[in-house]
Amino acid sequence: MEHIRTTKVVEQVKLLDRFSTSNKSLTGTLYLTATHLLFIDSHQKETWILHHHIASVEKLALTTSGCPLVIQCKNFRTVHFIVPRERDCHDIYNSLLQLSKQAKYEDLYAFSYNPKQNDSERLQGWQLIDLAEEYKRMGVPNSHWQLSDANRDYKICETYPRELYVPRIASKPIIVGSSKFRSKGRFPVLSYYHQDKEAAICRCSQPLSGFSARCLEDEHLLQAISKANPVNRYMYVMDTRPKLNAMANRAAGKGYENEDNYSNIRFQFVGIENIHVMRSSLQKLLEVNGTKGLSVNDFYSGLESSGWLRHIKAVMDAAIFLAKAITVENASVLVHCSDGWDRTSQVCSLGSLLLDSYYRTIKGFMVLIEKDWISFGHKFSERCGQLDGDPKEVSPVFTQFLECVWHLTEQFPQAFEFSEAFLLQIHEHIHSCQFGNFLGNCQKEREELKLKEKTYSLWPFLLEDQKKYLNPLYSSESHRFTVLEPNTVSFNFKFWRNMYHQFDRTLHPRQSVFNIIMNMNEQNKQLEKDIKDLESKIKQRKNKQTDGILTKELLHSVHPESPNLKTSLCFKEQTLLPVNDALRTIEGSSPADNRYSEYAEEFSKSEPAVVSLEYGVARMTC
Amino acid sequence: MEFAELIKTPRVDNVVLHRPFYPAVEGTLCLTGHHLILSSRQDNTEELWLLHSNIDAIDKRFVGSLGTIIIKCKDFRIIQLDIPGMEECLNIASSIEVFLCLFSRIQVLQALSTLDSITLMYPFFYRPMFEVIEDGWHSFLPEQEFELYSSATSEWRLSYVNKEFAVCPSYPPIVTVPKSIDDEALRKVATFRHGGRFPVLSYYHKKNGMVIMRSGQPLTGTNGRRCKEDEKLINATLRAGKRGYIIDTRSLNVAQQTRAKGGGFEQEAHYPQWRRIHKSIERYHILQESLIKLVEACNDQTHNMDRWLSKLEASNWLTHIKEILTTACLAAQCIDREGASILIHGTEGTDSTLQVTSLAQIILEPRSRTIRGFEALIEREWLQAGHPFQQRCAQSAYCNTKQKWEAPVFLLFLDCVWQILRQFPCSFEFNENFLIMLFEHAYASQFGTFLGNNESERCKLKLQQKTMSLWSWVNQPSELSKFTNPLFEANNLVIWPSVAPQSLPLWEGIFLRWNRSSKYLDEAYEEMVNIIEYNKELQAKVNILRRQLAELETEDGMQESP
């Protein structure tokens, strides 16, 4: 609170259209609250920006109309204000700088956010996703795999969860020995068990092999993993890094497995770049797309030189390699990168998603994120820059995972229970710090923060609102899509406009097929109900008539119902219009935390408004 | 000439056909005067019927005595035939080559305005297997089109000055011109405009009475020739005190260069009420090369990401799309927002001019987004307006002999329509398949609609008597259902598309059609149609039940009241 220095209200602020070449703008009032920056324009349209979403604030040189302030958000919103007085601008700038970069977890929104739930509801919310249940669903523990208590007190590995599944024949000394030979103690453990094939996806970090070091326990553990697969004795070890990077690591005493030291392993590099390459790739992509009056050639050469789609394809190809090893060769696979929490999470989770249709449901996708990302210690806080920390730790690794899933939904429009809106909403909340799920970098840290007592879980809120995220074309006969086999020919990878331009509505289609079908689906359910009601009412009437006993009492008993019915019928005839209810925001959050309310209004119009000419038209020049 | 003489081997057995996304089929290959047919003689497998005129190029190669012919079609499909026996293979290949030459020679002859060999083409032999309910040749008569806006304005008239095609060989016999300009003046203006293409009405915007006119370039030459009648003609379309815009689809530089060849552009001094805007829409071989590069990029599945993106960029196809759409939006903006009439021309006024005038109408005029309205638009703005289909669509992306008159002008137009359709998926009565069908028929067809380069040629060829119109076939209810957009809801507004590169994707339905399976996408589309159909069904049922209940209620009420 003490950061808010300015009078919280600044009037006569202009919001410039990001892509307008003619500097079109809206005038309104800017409010700075403890959690949000709010702009209300003269049409009373509200733009809410959560402080935690702010990636950068920039004050540009003073112009005749005022002092420009450019705010870039982590959810890819870019706003450009012009504040009439420099003093105000400076105040807002300073306040935002501090408000957007908190030093302590306790200052994050989640610790003050109150959705009006009592403690037991809160606890229930946290219990919604139960990973023990999930491993049971996969079929472990079983005769080959068991729950290990080795890390019960985070003694072996601080960044792993307490509960870990390992081959039954791997004894504790072997586990401890192996963990000492793995970077950050992240020894090989089970990530996904394929029940039909009896094959496993395991994950770990790189071995501390240097140029020649070996570790018998680690070799034993890998052998135990391959022995836990009764069908196929050899296993794949996928190093998701480019070979050159892995070799360079050897000089630092790290590296990769030597095939000669391990029996029955097939070693494979898959060449996904590291977090730094990914960060600058996204940076380049955003620079290109933020250009005013972008030409087609600049767009494609920018897309190419950013390398973004190349990286997405690399992640996807790695996941396909993983899924094929299991389905085609029936082999277990061990996946690692350097620390085993970025690329490894991407590949393991995406591979599981290809293999198991459960992860393509709304609930299943939450479980998948909870398992391969949250519990295995993907460093959400650092990667999303939630606290004022090292900018070199920030990287869009999870965003890439979401994008890969989006590409799959594009190729298999009926295979996913959820829609793009669900992916965007999750992306929104890894940065929002509104819920506890993505705070911290590992489970141990989360426990120390007492997140389950002090914050709320996102999942129950998403689940409650799942109507908004349902894919109307989802085919629940998912047996048709047991294993997804996406085609990764380059032309299948497209720029994800709805992610990277989610707030630039002038770039979007003016009518959304998706929303129309979604609403129609909802309406169909209602109509089915109406038909049942009507039929029973007609039946009642007919019965009465055939009974021939038309007493006044009976009629009276019918009458109270009729007006009701009539109003509902009148209403029905008009419900061709979209059901706005389905687009409500998350209860309790401010209306615009959740940009879907804005989106949906625009999209759900059955007739498009006459939209601005900005894009349509080049300026008239003679 | 008898086709039979050209076919050395009319039949080969045990030929194996490879097509994208179909299992290989073994069967008998037959070569007829117009088709290449492969039949497996099994009930459940589809036969291949390929029009010779759909073949763009062929390759042949041999491994031992097994010959392989690779046929590249104008619709970008590539099929492969494995033919046992070297001699048979050579004979088949040479026959296809002869046909290919014959049909491409037709184009050459056509350029020399010899029409005889066109009459060898399939539409002159095709006998429809369906009953013609409505003869498409008479579906869109200029008089009917004129009636649509003659109720709103009396400032225009139909002129028959070009009845004999003497004033302008590429114009239809009937054109719409300002009422105050007589035929004599039109004849004079025609001598001042490229190809005799004097300014005519293209579109009348009922909302505010503004118009789009189109023409050929003015023949000002280097000495700044002027024509009083021309100035009078276009000024006749302006309201008192109003200015108009002339959109020249060429850059100023290009327009200036044409003066040396007798062409030019309107000088400010002579057209003080008009403001000239130059845009630069490419033409001819630049477009054809762009298409060739794009199709080549799409056909190579081995490209890595960088290579694919750089090839897509280098093709420049989407740059052309953006430029054309931007110009059309500009034209529509002048009409609807600025309240100003416009004249559009490039050099000849038969290519980029028509792209712009027709797209501007898609943006402005709800009727042109219906099936019939769009057909009328193509009839009016492309066929009657004299877009030289025969020349432009002679060859497609695989042609080896690059002729300067070949260019995918019409395909670019269809792509632009698709882009708008994608941005306004509920505002069009037709779907993507309709556009794809039009593309196919423009390049190879059993119908006469796209034969010839203008009305004058079509008259001489007696197409109306000797061939069937595409519209006769398309407008049958059974065919129409394939082309109808289930999401259509009439939208009477002007629709402004976004032309940012992020909003203009590659038209996968055309360019990746043969390179990837669309199975899952098709199934999803079907599911969407099911949901919509089910919705209609439920609505109807609710309405019936409601009426039924209301009737019962009144019955009860009547029994109650006495």
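Before any of the text, the structure's been laid out above.
Residues numbered from 1 in each chain as written. Chains lettered and ligands numbered in written order. Predicted model: local features only at pLDDT ≥ 70, side-chain atom pairs only at ≥ 80, totals over all residues. Heavy atoms only, no water.

Enquirer: What is the right way to read the overall build of chain B from this model?
Expert: Counting its secondary structure elements, chain B contains 19 helices and 14 strands. Taking 562 residues into account, the globule formula puts the C-alpha radius of gyration at 24 Å, and chain B, at 26 Å, falls close to it. Principal-axis analysis of the C-alpha atoms gives chain B an extent of 95 × 80 × 55 Å. For chain B, the proportion of its 562 residues judged to be buried stands at 61%. Residue pairs at least 24 apart in sequence account for 71% of intrachain contacts in chain B once pairs closer than 6 positions are excluded. Entry remark: accessible area of chain B is about 22100 Å², with carbon and sulfur atoms responsible for 51%. Between the mean site of the 60 positive side-chain charges and the mean site of the 68 negative ones, chain B shows a separation of 9 Å. (Helix = DSSP H or I, 4+ residues; strand = E, 2+ residues; numbered from the N terminus. Rg over C-alpha atoms; globule rule 2.2 N^0.38 Å. Buried < 20%, exposed > 50% of the residue type's maximum accessible area, 1.4 Å probe, protein only. Contact = heavy atoms within 4.5 Å. Areas by Shrake-Rupley, 256 points an atom, 1.4 Å probe, with all protein chains shown as cover. Lys, Arg positive; Asp, Glu negative; His and termini not counted. Charge placed at Lys NZ, Arg CZ, Asp CG, Glu CD.)

Enquirer: It is not clear to me how the overall build of chain A should be interpreted in this structure. Could you clarify?
Expert: The helix and strand tally for chain A stands at 22 helices and 14 strands. Looking at chain A residue by residue over its 622 residues, the buried ones come to 60%. When contacts within chain A are restricted to residue pairs at least 6 apart in sequence, long-range pairs at least 24 apart make up 72% of them.

Enquirer: What's the story with the nonpolar core in this structure? I'm lost.
Expert: Across soluble globular proteins, you tend to see nonpolar side chains buried next to one another. Grouped together as the largest cluster of nonpolar side chains are 228 residues, with contacts concentrated most on Phe365 of chain A together with Phe76, Phe374, Leu438 and Phe511 of chain B. By residue number, the principal contributor to this core is helix H9 (residues 308-327) of chain A, which donates 13 residues. The residues contacting Leu438 of chain B, other than those within four sequence positions of it, are Phe374, Ile378, Phe410, Leu414, Phe450, Leu470 and Trp471 of chain B. (Core = buried A, V, L, I, M, F, W, Y, C linked by side-chain atoms within 4.5 Å.)

Enquirer: Where do I start with a nonpolar patch on the surface in this structure?
Expert: A contiguous nonpolar surface patch, about 230 Å² in accessible area, is contributed by Phe62, Met86 and Leu90 of chain B. Take Leu90 of chain B: it is sitting in helix H1 (residues 86-111). (Patch = residues over 30% accessible without salt bridge, like charges linked within 9 Å, V, L, I, M, F, W, Y side chains within 5 Å. Salt bridge = Lys/Arg side-chain N within 4 Å of Asp/Glu carboxyl O.)

Enquirer: I'm lost on the packing of helix H8 (residues 317-336) of chain B against helix H12 (residues 409-423) of chain B in this one. Help?
Expert: The axes of two packed helices give the description: the angle between them and the distance between them. Residues and elements named next belong to chain B. Where H8 contacts H12, the two axes come as close as 10 Å, and the packing angle between them is 75°. If you check the angle between H8 and H12, you find them roughly perpendicular. Side by side, H8 and H12 meet where Trp317, Leu318, His320, Ile321, Ile324 and Leu325 of the first sit next to Leu411, Leu412, Asp415, Cys416, Gln419 and Ile420 of the second. (Axes fitted to C-alpha atoms, helices over the stretch in contact; angles between N-to-C directions. Parallel < 35°, antiparallel > 145°, perpendicular 65-115°, else oblique.)

Enquirer: Hey, could you run me through the packing of aromatic side chains in this one?
Expert: Each pair of aromatic rings is reported with the distance of its centres and the angle of its planes. Residue and element names in this part refer to chain B. Tallied over the entire structure, the rule returns 64 aromatic pairs over all chains. Taking 5.0 Å as the distance between ring centres and 75° as the angle between the ring planes, the aromatic pair formed by Phe389 and Phe410 counts as edge-to-face. One end of the pair, Phe389, is in helix H11 (residues 389-392); the other, Phe410, is in helix H12, and 21 residues separate them in sequence. We note that Phe389, like Phe410, is buried. Ring plane angle 70° and centroid distance 6.5 Å describe the contact between Trp473 and Phe483, whose orientation is recorded as edge-to-face. Taken together, the residues span a long stretch of sequence, with Trp473 in helix H16 (residues 470-474) and Phe483 in helix H17 (residues 477-483) at a distance of 10 residues. The class of Trp473 is buried, set by a relative accessible area of 16%. Note on Phe483: relative accessible area 6%, which makes it buried. We note Arg77 situated over the ring of Trp514; from NZ or CZ to the ring centre the distance is 4.9 Å. (Phe/Tyr/Trp six-rings, centres within 6.5 Å; stacked < 30°, edge-to-face > 60°. Lys NZ or Arg CZ within 6 Å of the ring centre and 35° of its normal.)

Enquirer: What is the right way to read the pattern of salt bridges from this model?
Expert: Pairing is possible between side chains of opposite charge, provided their charged atoms come close. All chains considered together, the criterion is met by 61 salt bridges over all chains. Between Glu133 of chain A and Lys136 of chain A there is a salt bridge, with the nearest N and O atoms lying 3.7 Å from each other. Taken together, the residues Glu133 of chain A and Lys136 of chain A, both in helix H3 (residues 131-138) and three residues apart, mark about one turn of the helix. Its relative accessible area of 43% is what places Glu133 of chain A among the partly exposed residues. Between Lys207 of chain B and Asp336 of chain B there is a salt bridge, with the nearest N and O atoms lying 2.6 Å from each other. Taken together, the positions of Lys207 of chain B in the loop between strand E10 (200-205) and strand E11 (210-214) and Asp336 of chain B in helix H8 put the pair 129 residues apart, joining distant regions of the chain. Under the relative-accessibility criterion, Lys207 of chain B is labelled exposed at 60%.

Enquirer: Honestly, the interface of chain B and chain A in this entry has me stumped. Any pointers?
Expert: The extent of an interface is frequently quoted as the accessible surface area lost upon association of the parts. Taken residue by residue, the interface counts 76 residues in chain B and 75 residues in chain A. Between chain B and chain A, the buried area comes to about 7200 Å², and carbon and sulfur atoms account for 65% of it. If you sort the residues of chain B by the area they bury against chain A, Met305, Glu313 and Gln502 of chain B come out on top, with a joint share of 10%. Between the two partners, chain B and chain A, sit four salt bridges. (Buried area = accessible area lost by both parts, 1.4 Å probe.)

Enquirer: Would you explain the sheet that holds E11 of chain B in this entry?
Expert: Strand pairing in a sheet takes place through backbone hydrogen bonds and is either antiparallel or parallel in direction. Residues and elements named next belong to chain B. One open sheet accounts for five strands, arranged E10-E11-E14-E12-E13; its pairing is mixed. Lying at the two open borders of the sheet, with one neighbouring strand each, are E10 and strand E13 (274-278). Looking at each pair of strands side by side, their axes are set apart by 20° on average, direction ignored. Here five bridges tie E10 to E11, and the two strands are oriented antiparallel to one another. Opposite Val200, over in E11, you have Arg214 as the bridge partner. (Pairing = 2+ DSSP bridges.)

Enquirer: Please clarify how the side chain of Asn437 of chain A should be interpreted in this entry.
Expert: Residue and element names in this part refer to chain A. In this structure, Asn437 sits in the loop between helix H14 (420-432) and helix H15 (443-448). Polar contacts involving the side chain of Asn437 include one to the side chain of Ser457, which spans 3.1 Å. With near-sequence residues (within four places) excluded, Asn437 lies in contact with Trp126, Glu370, Ile374, Arg446, Tyr456, Ser457, Leu458 and Trp459. (Polar contact = N/O pair within 3.5 Å; in protein donor to acceptor, adjacent residues only side chain to side chain.)

Enquirer: Help me understand the packing of helix H10 (residues 371-384) of chain B against helix H13 (residues 432-443) of chain B in this model?
Expert: Residues and elements named next belong to chain B. Taken N-terminus to C-terminus, the directions of H10 and H13 make an angle of 25°; their axes are 12 Å apart at the nearest point. For the element pair H10 / H13, the angle class is roughly parallel. Along this stretch, H10 crosses H13, giving a crossing that reads as right-handed. Contacts from Ile371, Phe374, Glu375 and Ile378 in H10 reach Phe434, Leu435 and Leu438 in H13. (Left-handed = near helix turned anticlockwise from the far one by under 90°.)

Enquirer: Is there a simple way to think about the sheet that holds strand E13 (residues 265-269) of chain A in this case?
Expert: All names here are of chain A. With mixed pairing, the five strands of this open sheet are ordered in space as E10-E11-E14-E12-E13. Each edge of the sheet is formed by a strand with only one pairing partner; in this case those strands are strand E10 (189-194) and E13. Across the sheet, the mean angle from the axis of one strand to that of its neighbour is 20°, orientation sign disregarded. Relative to strand E11 (residues 199-204), E10 runs antiparallel, the two sharing five bridges. Each residue of the ladder has a partner; that of Tyr193, found in E11, is Ala200.

Enquirer: Just checking my understanding: could you explain the environment of Ile517 of chain A for this structure?
Expert: You can see Ile517 of chain A is positioned in helix H19 (residues 513-547). Residue classification places Ile517 of chain A among the buried residues on the basis of a relative accessible area of 3%. Sequence separation between Ile517 of chain A and Pro472 of chain A is 45 residues, and the spatial gap between their C-alpha atoms is 6.5 Å. When near neighbours in sequence (up to four residues on either side) are disregarded, Ile517 of chain A contacts Pro472 and Leu473 of chain A together with Leu487, Met528, Ile531 and Ile532 of chain B.

Enquirer: I would appreciate a short explanation of H3 of chain A in the present structure.
Expert: Residues and elements named next belong to chain A. Restricting attention to buried positions, one finds in H3 the residues Leu131, Glu134, Tyr135 and Met138. One side of H3 holds all its buried residues, which, seen down the axis, span an arc of 95°. Two or three places before Ala132, at the opening of H3, Asp130 has a side-chain oxygen 3.0 Å from that residue's backbone nitrogen. Looking one or two residues past H3, Gly139 carries a phi angle of roughly 105°, positive in sign. (Arc of directions from axis to C-beta.)

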